[in-house]
Amino acid sequence: MFNRKRPVTVGVIGAGNISPIYLQADSKFSALRITQVADLDMGRAAALAKRFGKQAVTVEELLANPEIEIVVNLTPPEAHAAVAMQALEAGKHVYNEKPLAVEREDAQALLAMARMRGLRVGCAPDTFLGGGYQTCRALIDAGAIGRPVFAAARMLSSGPEHWHPNPHFFYKRGAGPLFDIGPYYLTALVALLGMASRAVAMARITHAERIITSQPCYGQRIPVEVPTLVIGTLEFGAGVLANLIVTFDAPAMYDAALTIYGTDGVLQCPDPNTFGGPVRLLRKGKKEWEDVPIAHRWVENARGIGVAEMAEAIRKGRPHRAGTELAYHVLDLMHALSEAANEGRCVNVSSTCDRPEPLPAEWDGSLS
Ligand SMILES: NC(=O)c1ccc[n+]([C@@H]2O[C@H](COP(=O)([O-])OP(=O)(O)OC[C@H]3O[C@@H](n4cnc5c(N)ncnc54)[C@H](O)[C@@H]3O)[C@@H](O)[C@H]2O)c1
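In this convention, every chain numbers its residues from 1, walking through the sequence in written order. Residue-level local features of this predicted model are given only where pLDDT is at least 70; pairs of side-chain atoms are given and counted only at 80 or more, and the full residue set underlies all totals for whole chains, interfaces and linings. Computation of side-chain values: all heavy atoms of the structure, hydrogens and water removed.

### Focus: the packing of helix α7 (residues 131–141) against helix α9 (residues 182–193)
The description of two packed helices rests on the angle between their axes and on the distance between the axes. Comment: axis = line fitted to C-alpha atoms, over the contacting stretch for helices; angle = value between 0 and 180 degrees taken between N-to-C directions. We count a stretch as a helix when DSSP gives it H or I for four or more residues in a row; a strand needs E for two or more, and each element gets its number in order from the N terminus. Contact pair α7 / α9: the axes reach a minimum separation of 9 Å and the direction vectors enclose 30°. Between α7 and α9, the angle falls in the class roughly parallel. The two elements α7 and α9 meet at a crossing, and its hand is right-handed. Contacts from Tyr133, Cys136, Arg137 and Ile140 of α7 reach α9 at Ala188, Ala191 and Leu192. Across the contact of α7 with α9, the residue classes tally to six nonpolar, no polar and one charged. Between 65 and 115 degrees an angle is taken as roughly perpendicular, under 35 as roughly parallel, over 145 as roughly antiparallel, and anywhere else as oblique. By convention, the crossing between two helices is left-handed when the near helix turns anticlockwise from the far helix through less than a right angle, and right-handed when the turn is clockwise. Throughout, a residue-residue contact means that at least one pair of heavy atoms, one from each residue, lies within 4.5 Å. In the scheme used here, Gly and all other residues not listed as nonpolar or charged are polar, with Ala, Val, Leu, Ile, Met, Phe, Trp, Tyr, Cys and Pro taken as nonpolar and Asp, Glu, Lys and Arg as charged.

### Some details on the environment of leucine 23
Along the chain, leucine 23 falls in helix α1 (residues 19–23). Placed 65 residues apart in sequence, leucine 23 and leucine 88 show a C-alpha to C-alpha distance of 21 Å. Excluding its chain neighbours within four sequence positions, the residues that come into contact with leucine 23 are Val12, Ile34, Val37, Leu48, Phe52 and Lys54.

### A short note on the site of the ligand
By nearness alone, 26 residues border the ligand, and Asn17, Asp39, Arg44, His80 and His164 come closest of all. The contact in question runs from an oxygen atom of the ligand to an N or O atom on the side chain of arginine 44, over 2.6 Å. Between N or O atoms, a polar contact is any pair within 3.5 Å; within protein, one atom must be a potential hydrogen donor and the other a potential acceptor, and residues adjacent in sequence are included only when both atoms are from side chains. A distance of 3.2 Å is found between an oxygen atom of the ligand and a side-chain nitrogen or oxygen belonging to asparagine 166. In isolation the ligand exposes 820 Å². Once the protein is present, 88% of that is buried. When atoms are counted within 2 Å of each cavity's grid points, the one that captures over half of the ligand is the largest pocket. No other element matches helix α5 (residues 77–89), which puts four residues into the shell around the ligand. Partitioned by chemical class, the residues of the shell around the ligand number 13 nonpolar, seven polar and six charged. A domain-level breakdown of the shell around the ligand finds at least three residues from each of domain 1 (8–127 + 303–323) and domain 2 (131–295 + 331–348). We call a residue near a molecule or strand when any one of its heavy atoms sits within 4 Å of it. Accessible areas in this description were obtained via Shrake-Rupley with a 1.4 Å probe; residue shielding takes into account the shown protein chains only. A 1.4 Å probe that fits but cannot get out identifies a cavity on a 1 Å grid over protein atoms alone, an open set with protein on both sides within 12 Å along at least five of seven lines counts as a pocket, and a residue lines either if it has an atom within 4 Å of a point. Think of it this way: if more than half of a molecule's atoms are within 2 Å of a pocket's grid points, that molecule is in the pocket or cavity. Each domain span listed reflects an automatic or database assignment of domains.

### Concerning unusual backbone geometry
The step from alanine 124 to proline 125 runs through a cis peptide bond, and the omega angle for that step is 5°. On the secondary structure map, proline 125 appears in the loop between β6 (121–123) and α7. Phi is positive for alanine 252, which is not a glycine, with a value near 50°. Assignment of secondary structure puts alanine 252 in the loop between β12 (241–247) and β13 (254–262). Even without glycine at this site, tryptophan 298 takes up a positive phi of about 65°.

If you want it as structure tokens, here you go:
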């Protein structure tokens, strides 16, 4: 008989830089059981599998394994759509790292295939499910800042060529600060404010090439194919305006901020690329900021929470939160900002999505 409490079996494709944190997800979330790891580079898959007590297999073997229910796709952006499509064709649910795909058409094809086969597509980021952003969500829903009026968000960094071992993909189509880091900010904004309907933007390639200072590619040059400075404005539901600055051009720094200004107060949200706080509130008429206690679980690095929540949703037959429409809408917003910048016009956004439901404060990552 089908057991609704049986952990969902997961196979991971892509054994690169981000994979170790995902390989630990089943030690935090009992809804998951990660059994196999695959990569085009079998040496990488073998090393990762050995480190975390999993089995290294080829992509084909993983997809042919009838036990695997969810494929977690941790390949670079340019491979997201093809690998996800292979997984869906093999009858697996799929959870992609961000962005959902590079092109809208590829993402639409994934969604159509998933719908046809009755399968789930989930997508990172899942940081909005962390304690920090769930606390922000509860404050907004409780009216702590009144009606949201505008938001300001920024991610200023000097670029991943200074820390990532294989940073070439960050300067290709499907990445750059907008498609690589933008998903954290846009997902957080949509999760708090609802969907957006219009975009304007300007964007620049500041340096034609980047010089790698991380190992093992130290000294190599990367030609830059995508803007490394994007400044945009989006109109969210009920006319809320949000300004977004994302760049890899800020020398020697990392600055991350997302602030929401309402009729009755200001909410300083945490770095959207993290799970915890701080959350700070300035109420109308007050001079002092309040540090708001985080009243939700999952404040440490909980990458994989979106997969676990999707696993529970599969078992219970309800929608998952790091969901298909949300991920597609965020991809659509990034393309809208790019088109607005390229064409010097205001771009209407046609995709829609609901705000994901808040995560219960005590959700423990199990199937209970
Ligand atoms: N590195 C980070 O800190 C970080 C953080 C959050 C999200 N991400 C996202 O995770 C994804 C992977 O990033 P990364 O930094 O781990 O990249 P990476 O380059 O370190 O690793 C990617 C791995 O995928 C493998 N691969 C490529 N194409 C494949 C295919 N078709 N089939 C099987 N394996 C394939 C490569 O051999 C490589 O081992 C990206 O979408 C990135 O945006 C990365």
